[in-house]
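# Topology and contacts: notes
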Amino acid sequence: MKYILGKKAQMSQKFKDSGESVTVTVVQAGPCVVTQVKNKEKDGYQAVQLGFGQAKEKNMDKPKIGHLKNLDKVRHLREFVMSEEIKVKKGDKLDVSQFKAGDIVKVTGMPKGRGNQGVVKRHGFHGHASTHGTKDQLRTPGSIATKRIGPVSKGKRMAGRMGGDQVSVRNLEIVEIDVAKNLLFIKGAVPGARNSLLMIYG
């Protein structure tokens, strides 16, 4: 299993030999340091904890400083749960060289929080007609229940808080890798705002 932490840099495009353009997301991935290796005997499950991003000790709390003793001071810590044998040890460095063009990956990130939104923006409702007596309800949801059914059913698509929940996107292809600059060029869009943290599984 391949895994790494990174941050979303920007959207761009790459051109194939045929001249076709491919939309890509540029991800600054790694280098990451292995800060902890968990096993079933001690922790009850297998996992690798990675650290990413530079941090100053004055901005870190004491438990984190102690946890990272004799290691690089990192800003982010994330775990990758493993089902296979773990081949890394504490202190190892991981970079983009473990991936190659054509690899299929899963990317997990945190999308932008958009606050409370109506049904048009949140669920894509087309709203009501703007003519034929419609007044002040162009973007309202309309009827939400009937007497026969009773109260509003669970899961009904209505207005509410949008965004800010962790999202994973599968089956994304790595188009190109820049080992010198630690860049991954992933086909399509990935969740999150620019400079947000991403977890990439191979």
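The present account deals with the structure reproduced in this document. (Residues numbered from 1 in each chain as written. Predicted model: local features only at pLDDT ≥ 70, side-chain atom pairs only at ≥ 80, totals over all residues. Heavy atoms only, no water.)

### Points about the sheet that holds strand β6 (residues 93–94)
Taken together, four strands build an open sheet; the order of strands is β5-β4-β3-β6 and the sheet is antiparallel. Of all the strands in the sheet, just β5 (74–81) and β6 have a single pairing partner and so form its edges. Of the pairings in the sheet, the one linking strand β4 (residues 47–54) to β5 comprises seven bridges and is antiparallel in character. In the sheet register, Leu 50 faces β5, and the bridge partner there is Arg 78. (Pairing = 2+ DSSP bridges. Helix = DSSP H or I, 4+ residues; strand = E, 2+ residues; numbered from the N terminus.)

### Describing the side chain of Lys 8
Tracing the backbone shows Lys 8 in strand β1 (residues 3–15). Within the local environment of Lys 8, its side chain forms a polar contact with the backbone oxygen of Gly 192, the two atoms lying 2.8 Å apart. Residues in contact with Lys 8, not counting those within four places in the same chain, are Thr 25, Val 26, Val 190, Pro 191, Gly 192, Ala 193, Arg 194, Asn 195, Ser 196 and Leu 198. (Polar contact = N/O pair within 3.5 Å; in protein donor to acceptor, adjacent residues only side chain to side chain. Contact = heavy atoms within 4.5 Å.)

### Observations regarding the layout of surface pockets
In this structure, the largest pocket encloses a volume near 400 Å³. Surrounding the largest pocket, 18 residues form its lining, Phe 52, Gly 53, Gln 54, Arg 75 and His 76 being those nearest its centre. For the lining of the largest pocket, the secondary structure elements donating two or more residues are β3 (32–38), β4 and β5. Per element, the largest residue contribution to the lining of the largest pocket is four residues, and it comes from β4. For the lining of the largest pocket, the residue count by class is six nonpolar, seven polar and five charged. (1 Å grid on protein atoms, 1.4 Å probe; cavity = no way out; pocket = protein on both sides within 12 Å on 5 of 7 lines; lining within 4 Å. Points joined across faces, edges and corners; volume = space filled by probe spheres on them. Nonpolar A, V, L, I, M, F, W, Y, C, P; charged D, E, K, R; others polar.)

Any functional reading would require information that these geometric values do not contain.
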